[in-house]
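Structural characterization, general
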Amino acid sequence: METELINLCQQTPEEQLISCRRAGELLRFGSLVAFPTETVYGLGANALDPEASSKIYAAKGRPSDNPLIVHIADWEAIETIAEGNLELAKKLSDAFWPGPLTMILPKKDCVPLATTGGLSTVAIRMPSHEIARTVIRFGGGYIAAPSANASGRPSPTTAGHVYEDMKGIIPMILDQGEVSIGLESTIIDLTEQIPTILRPGYITLSMLSDCIGEVRMDPGLSSENTAVRPKAPGMRYRHYAPKAPLVIVEGPASEVIRAINARTASCSGCGVIATEETKDLYTNAEVSVIGSRSDEESIAHNLYDILRGFDHSTVTRIYSESFDTPSMGTAIMNRLIKAAGHQVISAADLLNEL
Ligand code: TXA
Ligand code: MG
């Protein structure tokens, strides 16, 4: 299959509208289209058509029990697909939609089990990206869209990443440059007694609890407690992992730098994930700068691009600093720890090992 890559950045607003309408027509006919959102690029299909949803699983190589998020463009759409009391959902919508928040609610019968991975609940998000909402409207209003990467690879933050994974597999990619946030939406499960975060993201626990009262983190997300499984099926799979093994080193900055320098001293082909503040302090490795500690959004924004970059380089082992930044740190570390396959070590232990 030929994959058409449409560069919206070079189009006038009228031409962009025509491109979005063409994308919408493909979606209505049951095809897949990749489009930008403010979090990561999505791989869209008509969420109310089980055959169209099934094509997403095939294109990504995604396990069929991993449910999809239904993207909508207007609040009213939620009433068509979600059952029950929408009071909390309305409060959250008023505060955070359109934006990087996904809500889990009981589903109505019109949402096929092929879209929800067999679950009786449905995940719903209204993205803030204008192009995304225009495509959703032209596509019929209910667009299932996982991240547009091949299953197991880092989520795409540019159309180039999507092209890498989906070339020849889907008919159209809409390119509007780099996304703004770079990490997937926060997921909150409103079917639990206490609303529960199933995936951390740009919208933090404290922002959510300021809006609706008590909110908890899914205990299955804790990296210490691996006996409890995460509730979101997608959070159980190994994900985002670069081909070279990745180890996260924790501790005071000076110790982390000393430990990584000692570790890489005898290593040719070691990579380090560092920040603007520390990049010049590593002496033996190929340094990738993820962003600045004074701008945590830059770290979130660049994480997946850096992880993908390693697969194009010759590094054979990667050490990363830890990024427990004040607001997005939970989300950044959730993704980074998965990428590292839970290989986290303290700088002190690493120095002792030498
Ligand atoms: O930012 C985002 O949310 C992006 C953009 C494209 O909107 N989409 C995205 O979709 O990240 P995906 O498929 O890569 O991740 C969806 C996550 C998976 O972990 C899945 O298991 C979980 O949401 N999920 C979906 N429906 C669920 C449900 N009913 N119950 C629990 N978890 C659910
Ligand atoms: Mg994904």
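The notes below deal with the structure included here. All figures in this text were calculated on a predicted structure; none of them were measured in a lab.

1. Thoughts on the side chain of Thr 115
Here Thr 115 is to be found in the loop between strand E5 (101-106) and strand E6 (121-125). Accessibility expressed as a relative area gives 0% for Thr 115, which makes it buried. A polar contact is formed between the side chain of Thr 115 and the backbone oxygen of Ala 47, at a distance of 2.7 Å. The contacts of Thr 115, once residues within four sequence positions are left out, are Ala 47, Ser 53, Tyr 57, Pro 67, Leu 68, Val 70 and Ala 144.

2. Points about the packing of helix H1 (residues 13-28) against helix H5 (residues 130-138)
Remark: H1 packs on H5, axes separated minimally by 7 Å, with the N-to-C direction vectors making an angle of 45°. With respect to their mutual orientation, H1 and H5 come out oblique. Regarding H1 and H5, the two cross each other, and that crossing is right-handed. Residues Gln 16, Leu 17, Cys 20, Arg 21, Ala 23, Gly 24, Leu 27 and Arg 28 of H1 form the contact with H5, whose own contacting residues are Ile 131, Thr 134, Val 135, Arg 137 and Phe 138. Grouping the constituent residues of the contact of H1 with H5 by class yields seven nonpolar, three polar and three charged.

3. Details of the site of ligand 1
Taken together, 26 residues are adjacent to ligand 1, and Thr 39, Asn 66, His 71, Ser 185 and Gly 234 come closest. Here an oxygen atom of ligand 1 sits 3.5 Å away from a polar atom, N or O, in the main chain of Pro 233. One nitrogen or oxygen atom from the main chain of Gly 234 is found 2.7 Å from an oxygen atom belonging to ligand 1. In isolation ligand 1 has 690 Å² of accessible area, and contact with the protein removes 96% of it. Those elements giving two or more residues to the shell around ligand 1 turn out to be strand E4 (69-71), E6 and strand E10 (196-199). In terms of residues, the shell around ligand 1 owes the most to one element, E6, which gives three residues. Residues belonging to the shell around ligand 1 are distributed by class as follows: 14 nonpolar, eight polar and four charged.

4. Section: the state of the cysteines
Note on terminology: disulfide describes a covalent bond linking the sulfur atoms of two cysteines. Within this structure, the stated rule accounts for one disulfide. Linked covalently through their sulfurs, Cys 267 and Cys 270 form a disulfide whose S-S length is 1.9 Å. The sign of the 105° torsion about the S-S bond sets the Cys 267-Cys 270 disulfide as right-handed. You can call Cys 270 buried: its relative accessible area is 3%. The cysteine Cys 9 is free of any disulfide, with Cys 20 supplying the nearest cysteine sulfur at 12 Å.

5. Side note on the nonpolar core
Considering soluble globular proteins, one finds that nonpolar side chains tend to be buried as a cluster. Within the largest apolar cluster, 46 residues are counted, with the highest numbers of intra-cluster contacts made by Ile 72 and Ile 78. Of all the secondary structure elements, the ones that give two or more residues to this core are strand E3 (42-46), helix H2 (50-60), helix H3 (76-81), helix H4 (87-96), E5, E6, helix H6 (159-166) and helix H7 (205-212). Contacts of Ile 72, omitting those with residues within four sequence positions, involve Ala 77, Ile 78, Ile 81, Trp 97, Ile 124, Arg 125, Met 126, Pro 127, Ile 136, Gly 141 and Tyr 142. The next biggest cluster of nonpolar side chains, apart from the first, holds 27 residues, and it includes Leu 303, Tyr 304, Leu 307 and Ile 332.

6. Considering the pattern of salt bridges
Following the criterion strictly, the structure yields 17 salt bridges and no others. Of the charged contacts in the structure, one is a salt bridge between Lys 90 and Asp 94, with a shortest N-O distance of 2.7 Å. Separated by four residues within a single helix, Lys 90 and Asp 94 lie in helix H4, roughly one turn from each other. In this structure Lys 90 comes out as partly exposed when scored by relative accessible area, which is 33%. With a relative accessible area of 55%, Asp 94 lands in the exposed category. With a shortest N-O distance of 2.7 Å, Arg 308 and Glu 164 are connected by a salt bridge.

Rules of the game
- Residues numbered from 1 in each chain as written.
- Chains lettered and ligands numbered in written order.
- Predicted model: local features only at pLDDT ≥ 70, side-chain atom pairs only at ≥ 80, totals over all residues.
- Heavy atoms only, no water.
- Helix = DSSP H or I, 4+ residues; strand = E, 2+ residues; numbered from the N terminus.
- Buried < 20%, exposed > 50% of the residue type's maximum accessible area, 1.4 Å probe, protein only.
- Polar contact = N/O pair within 3.5 Å; in protein donor to acceptor, adjacent residues only side chain to side chain.
- Contact = heavy atoms within 4.5 Å.
- Axes fitted to C-alpha atoms, helices over the stretch in contact; angles between N-to-C directions.
- Parallel < 35°, antiparallel > 145°, perpendicular 65-115°, else oblique.
- Left-handed = near helix turned anticlockwise from the far one by under 90°.
- Nonpolar A, V, L, I, M, F, W, Y, C, P; charged D, E, K, R; others polar.
- Near = heavy atom within 4 Å.
- Areas by Shrake-Rupley, 256 points an atom, 1.4 Å probe, with all protein chains shown as cover.
- Disulfide = S-S within 2.5 Å.
- Core = buried A, V, L, I, M, F, W, Y, C linked by side-chain atoms within 4.5 Å.
- Salt bridge = Lys/Arg side-chain N within 4 Å of Asp/Glu carboxyl O.

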